[in-house]
Amino acid sequence: MIPILDLKGQYLRIKDEIDSAVANVIDSCKFINGPQVKEFAEQLAEYTGAKYVIPVANGTDALQVSLMSLRLNPGDEIIVPSFTYIASAEVIALLNLVPVMVDVDYNSFNPTAENIQRAISRNTKAIIPVHLFGQSCPMEGILNIAKEHHLHVIEDNAQSIGAEYTFQDGTKAMTGTMGTFGCLSFFPSKNLGCMGDGGAILTNDYTMAERARMIASHGQSMKYFHEMVGCNSRLDTIQAAVLSVKLKYLNEYTKARQKAAEFYDNGLAGIKGITIPQRQKNSTHVFHQYTIKVSEGKRDGLKQFLLDNDIQTMVYYPRPLQRQQAFRGIVRYGDNLDISEQLSNEVLSIPMHTELTEETQQYIIDKIKEYAENNF
Ligand SMILES: *Cc1c(COP(=O)(O)O)cnc(C)c1O
């Protein structure tokens, strides 16, 4: 079976380094808030260019703690795309805020500034743009709208660490560093993945950083002195040690993904019924996923055909958020959500990771071609 992801192959290349980093933590027995956590936070600040990094337990917590730091009131509205992972919108509902769902662009899979603009009401307090599959949202337009309406921006950057956005004047910024907060996940399958759960919040705002740090630590400013109700969200020391090792290789990993994407592009371009992922001109693409679109309702047919030929694929996401039972009755629709609906029927993510060989990729391309020739 050709897996969609190869964590084992990636581990084996740096096994000695990882093993000794983990062994050091075990040897020290500083399992909670060991020195490796702070070290990693500093390295991540250096890598992303963010002023402050608050390590947390996972990407969902990063979103939740960020939202809590904005001190909103029940009923306040938060704009979020409807074509994303549940976590982006779940935390909004969990805090008794109202998720307002907006549609995404068919080519980039990301929300547009226009869609967001249309969804703004008197109750809107923040926007959560999700940089899906490895590319930045159109941040210039989104930041302008946010500024005009005094809204906070929390970037869900769980999938796009290392992607770079270019503003019209030529300035560049990494995804996750442009809003009030940027949220990262180090879930093993993410571009920078640890060996369990992990996450981090990025911000350039000192006050917000202090608030987020406090909230993630039971709302305490000093041990046993609690200024607000918070939660318990810590990055595990062992995970921080793993992440410090892997962060050194992140640019290399990104290049490997981009090279694999180019090979797919060349092999899959122009096949009838198949659309390859479009590159946005203001963003680099770090290819968390390589997601094609399959027309004429034949996505599931292709998925099965590939599985029959030992190729694993995934559908991210088979059901857009507006059709999730969990949100029934508690969301507002800022838009019609037709494109999210259409994408959930057309998208197919094919194997994409740092260990792909051209031989494997060629086999995958040949099988997709074979299906397309017989079906379109
Ligand atoms: C993975 C992911 C999250 C959540 O991260 P966890 O670490 O699993 O909590 C949030 N948003 C998006 C878009 C993700 O892909």
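The paragraphs below set out a description of the structure included in this document. Remember, predicted model here, so these are calculated numbers, not experimental data.

**Some points on the site of the ligand**
By nearness alone, 14 residues border the ligand, and Gly 59, Thr 60, Asp 156, Ser 185 and Lys 190 come closest of all. Separating an oxygen atom of the ligand from a side-chain N or O atom of Thr 60 is a distance of 2.5 Å. The separation between a nitrogen atom of the ligand and a polar side-chain atom of Asp 156 is 2.8 Å. Protein chains shield 92% of the accessible area of the ligand, which is 380 Å² for the free molecule. A class-by-class count of the residues in the shell around the ligand yields 5 nonpolar, 7 polar and 2 charged.

**Observations concerning a nonpolar patch on the surface**
A surface patch of nonpolar side chains, about 280 Å² in accessible area, is lined by Ile 26, Phe 31 and Ile 32. The residue Ile 32 is located in the loop between α2 (15-28) and α3 (35-48) in this model. Residue Ile 32 is classed as exposed on the basis of its relative accessible area, which comes to 52%.

**Quick look at the sheet that holds strand β13 (residues 290-294)**
Across a sheet, strands are paired by hydrogen bonds formed along the backbone, either parallel or antiparallel in direction. Taken in spatial order, the 3 strands make up an open sheet running β12-β13-β15, and their pairing is antiparallel. Both outer strands of the open sheet, β12 (274-275) and β15 (347-350), are each paired with one neighbouring strand and no more. Alignment of β12 against β13, held across 2 bridges, turns out to be antiparallel. Bridging across to β13, Thr 275 finds its partner in Lys 293. Running over the sheet, helix α10 (residues 250-268) touches β13 and β15 and is turned about 20° from β13.

**Some remarks on the packing of α10 against helix α13 (residues 358-375)**
It is at 10 Å that the axes of α10 and α13 come closest, and there the two elements cross at 30°. For the pair α10 and α13, the crossing hand works out as right-handed. In this structure, α10 contributes Lys 259, Ala 260, Phe 263, Tyr 264, Gly 267 and Leu 268 to the contact, and α13 contributes Glu 358, Gln 361, Gln 362, Ile 364, Ile 365, Ile 368 and Lys 369. Classifying every residue of the contact of α10 with α13 by side-chain character gives 7 nonpolar, 3 polar and 3 charged.

Conventions adopted
Residues numbered from 1 in each chain as written. Predicted model: local features only at pLDDT ≥ 70, side-chain atom pairs only at ≥ 80, totals over all residues. Heavy atoms only, no water. Near = heavy atom within 4 Å. Polar contact = N/O pair within 3.5 Å; in protein donor to acceptor, adjacent residues only side chain to side chain. Areas by Shrake-Rupley, 256 points an atom, 1.4 Å probe, with all protein chains shown as cover. Nonpolar A, V, L, I, M, F, W, Y, C, P; charged D, E, K, R; others polar. Patch = residues over 30% accessible without salt bridge, like charges linked within 9 Å, V, L, I, M, F, W, Y side chains within 5 Å. Salt bridge = Lys/Arg side-chain N within 4 Å of Asp/Glu carboxyl O. Helix = DSSP H or I, 4+ residues; strand = E, 2+ residues; numbered from the N terminus. Buried < 20%, exposed > 50% of the residue type's maximum accessible area, 1.4 Å probe, protein only. Pairing = 2+ DSSP bridges. Contact = heavy atoms within 4.5 Å. Axes fitted to C-alpha atoms, helices over the stretch in contact; angles between N-to-C directions. Left-handed = near helix turned anticlockwise from the far one by under 90°.

Don't take any of this as a statement about function, it's just geometry.
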